[in-house]
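# Residue-level structure breakdown
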Amino acid sequence: MQARPRPGSVDNEMGFTELLRRIFLIDLLEGLRLTFSYQRPEAIYTEQYPLERPSVAERYRGAPRLNNNPETGETLCIACNLCSLACPENLIVVAWERTEDRKKKLTTFTYDLSRCMFCGLCEDACPVDALELTQDFELAHYNRQDMIWDRQKLEEGPQPTRYTR
Amino acid sequence: MTQSALQFVQTHPLVLATVKILIVFLVLAGLVAYLVYMERKVLAFMQVRLGPMRVGPWGLLQPIADGIKLLLKEDIIPAGADKFVFLLAPVISVIAAFTVFSVIPFAGNFFITDINIGIMFILAVSSLGIYGIVLGGWASNSHYPLLGSLRSAAQLVSYEVAGGMAIVGVLLISNSLSMVEIVRRQSEMGIWNIFVQPLAFFIFLVAGVAETNRNPFDLPEAESELTAGFHTEYSGFRFALYFLAEYTAMVVISCIAVTLFLGGWLRPFQSVRALDFLDYAPALGLLGAGAFIAVFGLRSRVPMERLVLGALAAICVVLALGLAVWPAALNAVQGIFWFTSKMMVFLYAFIWYRGTFPRYRYDQLMRVGWRWMIPLALANIIVTAAVRYWLSSHAGSPTAWLGG
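Residues numbered from 1 in each chain as written. Chains lettered and ligands numbered in written order. Predicted model: local features only at pLDDT ≥ 70, side-chain atom pairs only at ≥ 80, totals over all residues.

A few words on the overall build of chain A. If you tally the helices and strands in chain A, you get five helices and five strands. Secondary structure elements of chain A occur, N-terminal to C-terminal, as α-α-β-α-β-β-α-β-β-α. In terms of C-alpha radius of gyration, chain A reaches 30 Å, well past the compact-globule figure of 15 Å for 165 residues. If you line up chain A on its principal axes, its C-alpha atoms span 100 × 50 × 30 Å. Counted over contacts in chain A with a minimum sequence separation of 6, partners at least 24 positions apart contribute 66%. (Helix = DSSP H or I, 4+ residues; strand = E, 2+ residues; numbered from the N terminus. Rg over C-alpha atoms; globule rule 2.2 N^0.38 Å. Contact = placed C-beta atoms within 7 Å.)

So, in structure tokens, the structure goes:
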């Protein structure tokens, strides 16, 4: 039976260059050179989150928003209720009233963010691009009640704290 | 009354010594605090992170926050601990680490005391510091600390021998144990000991890293194996003392290495007239620091930070200009500047090793120590002694070969 080489014993077949490498600790020096080179400022990978926010992908589906007409400031929503019907979780509640000329007028719009899975079907169903899933991703709240967004909150969007430092 | 008091202050030998001790102690405490900051920053950069950034500009006030936190924490003593020894151990560590500075010459005209057995004193006192670690591990009455202190004791026995023998090579050249005299000898020879004793320098460096329990020899506090090693059971102020002792020990080893091998407070290539412009390095260094602070500080978004850092940069520039036009001041800071710069290189190297090398296994540690370091150190002593004897018997003066 062949004897296993003792761990750590110097191999007899070790070449001359290998011997020199060991004596002058070339491997250790190479390691030192590598770690030293990582100190370049541009190598830093850290993103200082609350200070600098990442830009998420264009197709990212985040916080819902109810869009207003930028010129008149009135809501684009026509209270058609299609988003509510499209929602697999039934978390959108649309309420409306009829005006004198039999037109639907939006009264309340609630969106339960705690049940939302951000599938985007409501967004697809909307015929007037009033409901939209935006790229805002800071959706943490202190209690469940706050996660049910009313019309005002949906129009304003999330308002995370901005830090100067 | 005031006359005699003034005379007392001016003539009593204890007054000047006390002032020097206070300066050294306070500067060192601050240095150690910012050494921790430097370590966290450098390690972070090596790991492509940023490190502390939240407390003050670029996390510059982090050491103060850490210090306050450690001081205010609860001081827990384990139920089964040997209370007296448990309380005593960290104090031993700190005292031993700080006592060493009493014989280190920071400059030709600034040292607390110069005793003729300086390096012996350092070896003796820094070995006492190990008692702090061993006793702390023992008194904790817990498994991890005990294993940590056991390893520490074994490691110290192995590497103290090699480190001590490496120093002997230097002593053979210097003819003296006094720290000040060792530097003066290097000045007379016109060459630093590192060029005469490169092997001794290497062995001393390795032994120094091992003695301070730093990577890759941090077995006594290997966190992946022993939680925190010997100070697992320590918390609050007593943990801070151990922390202080460890980083002070780093500074101590750096200071000794600078004094013994890198010419202490001497300027690089002091004998080369062509390099005399290096005398202006302190002014240049201050100017560079001022420019650096200005460039980074004025970019800050916080008005207060811009104000403070801008003022700091202005002070640096004014001091630099003052040094440049006032030769007496330049001469006064010369020694301190070079000593500190060399020391910082060593401290950086300590951190650099920690960012690079994996920890040795216990048997590897022992093998490196006993099979390589100690025989190499012995061989170095024999060769140095033989060469010295041969040269002295031929050239008459024992140091004629070095022009001394």
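Attention shifts here to the overall build of chain B. Helices and strands together make up the secondary structure of chain B, namely 15 helices and zero strands. Here the C-alpha coordinates of chain B stretch approximately 65 × 60 × 60 Å along the principal axes. Of all 404 residues assigned to chain B, the portion counted as buried reaches 39%. Considering only residue pairs separated by 6 or more positions, chain B has 77% of its internal contacts joining residues 24 or more positions apart. (Buried ≥ 20, exposed ≤ 12 C-beta atoms within 10 Å, placed from the backbone.)

Our next topic: the interface of chain B and chain A. Every contact between the two is made by 13 residues of chain B and, on the other side, 15 residues of chain A. No other element matches the three residues that helix 14 (residues 327–356) of chain B contributes to the side of chain B that touches chain A. Its residues assigned to classes, the side of chain B that touches chain A comprises eight nonpolar, two polar and three charged. (Nonpolar A, V, L, I, M, F, W, Y, C, P; charged D, E, K, R; others polar.)

All names here are of chain B. Compared with the 33 Å implied by 1.5 Å per residue over 23 residues, the 33 Å span of helix 13 (residues 303–325) between its first and last C-alpha is a close match. L309, A313, C316, A320 and L323 are the residues of helix 13 that are buried. Residues of helix 13 that are buried sit in contact with helix 12 (281–297) and helix 14. (Expected span 1.5 Å × (residues − 1).)

Residue and element names in this part refer to chain A. Pairing is antiparallel in the open sheet, where three strands are placed in the order 2-3-5. The strands lining the two open edges of the sheet, one partner per strand, are strand 2 (92–98) and strand 5 (148–149). Sheet topology places strand 2 next to strand 3 (residues 104–112); seven bridges connect them, and they run antiparallel. From the neighbouring strand, W96 faces strand 3, where its bridge partner is L106. (Pairing = 2+ DSSP bridges.)

Here we take up helix 2 (residues 26–37) of chain A. An ideal rise of 1.5 Å per residue puts 16 Å on twelve residues; helix 2 of chain A measures up with 16 Å between its terminal C-alpha atoms. For helix 2 of chain A, the buried fraction is low: zero of the twelve residues fall into the buried class.

A separate point is the packing of helix 12 of chain B against helix 13 of chain B. Residues and elements named next belong to chain B. Where helix 12 meets helix 13, the closest approach of the two axes is 8 Å, and the angle between their N-to-C directions is 165°. When the interaxial angle is binned, helix 12 and helix 13 end up roughly antiparallel. The element helix 12 and its partner helix 13 pack so that their crossing is left-handed. Contact residues: P282, A283, L286, L287, A289, G290, I293, A294 and G297 in helix 12; E305, R306, L309, G310, L312, A313, C316, V317, L319, A320, L323 and A324 in helix 13. Split into classes, the residues belonging to the contact of helix 12 with helix 13 amount to 16 nonpolar, three polar and two charged. (Axes fitted to C-alpha atoms, helices over the stretch in contact; angles between N-to-C directions. Parallel < 35°, antiparallel > 145°, perpendicular 65-115°, else oblique. Left-handed = near helix turned anticlockwise from the far one by under 90°.)

Quick look at the packing of helix 5 (residues 118–139) of chain B against helix 11 (residues 236–261) of chain B now. Residue and element names in this part refer to chain B. Two elements in contact, helix 5 and helix 11, have axes whose closest approach is 12 Å; the angle formed by their N-to-C orientations is 160°. When the interaxial angle is binned, helix 5 and helix 11 end up roughly antiparallel. Helix 5 and helix 11 meet at a crossing whose hand is left-handed. For the pair helix 5 and helix 11, contact is made by I122, S126, G129 and G132 and by A245, A249, V252 and I256, respectively.

Phi at A79(A) takes a positive value of approximately 55°, unusual for a residue other than glycine. Looking at the secondary structure, you find A79(A) in the loop between strand 1 (64–66) and helix 3 (82–86). When the 19 C-beta atoms within 10 Å are taken as the criterion, A79(A) is described as partly exposed. Positive phi values are uncommon outside glycine, yet V48(B) reaches one of about 45°. Assignment of secondary structure puts V48(B) in the loop between helix 2 (13–46) and helix 3 (62–72).

Here we take up the environment of A89(B). Residue and element names in this part refer to chain B. Checked against the element boundaries, A89 lands in helix 4 (residues 83–99). Along the backbone, A89 and R238 are 149 residues apart, and their C-alpha atoms lie at a distance of 9.0 Å. If we ignore the near neighbours within four places in the chain, the residues touching A89 are G132, L135, G136 and A139.

Take the nonpolar core next. All names here are of chain B. Core analysis: the largest hydrophobic core is formed by 89 residues, its most contacted members being A166, I203 and A207. Of all the elements, helix 11 adds the most residues to this core, at 17 residues. Other than its neighbours up to four places away in sequence, A207 contacts Y159, A162, G163, A166 and M373. (Core = buried A, V, L, I, M, F, W, Y, C linked by C-beta atoms within 7 Å.)

What follows concerns the pairing of strand 3 of chain A. In the case of a regular strand, side chains alternate between the two sheet surfaces. Pairing of strand 3 of chain A with strand 5 of chain A, which is carried by two bridges, proceeds in the antiparallel orientation. Bridge assignment links Y111(A) to a residue of strand 5 of chain A, and that residue is W149(A).

Okay, the confidence of the model for chain B next. Looking at chain B, pLDDT values average 83 and 97% of them are 70 or higher. Reported confidences for the modelled complex are a pTM of 0.80 and an ipTM of 0.71. (pLDDT = per-residue confidence, 0-100.)

Attention shifts here to the environment of A349(B). Looking at the secondary structure, you find A349(B) in helix 14. Taking the C-alpha atoms as reference, A349(B) lies 9.7 Å from S254(B); in sequence the two are 95 residues apart.

To continue, consider the environment of A320(B). All names here are of chain B. Residue placement: A320 occurs in helix 13. According to the C-beta neighbour criterion, A320 is buried, with 20 such atoms within 10 Å. In the structure, A320 is positioned 67 residues away from I253 in sequence and 30 Å away in space, judged by C-alpha atoms. Not counting chain neighbours up to four residues away, the residues in contact with A320 comprise A283, L286, L287 and G290.

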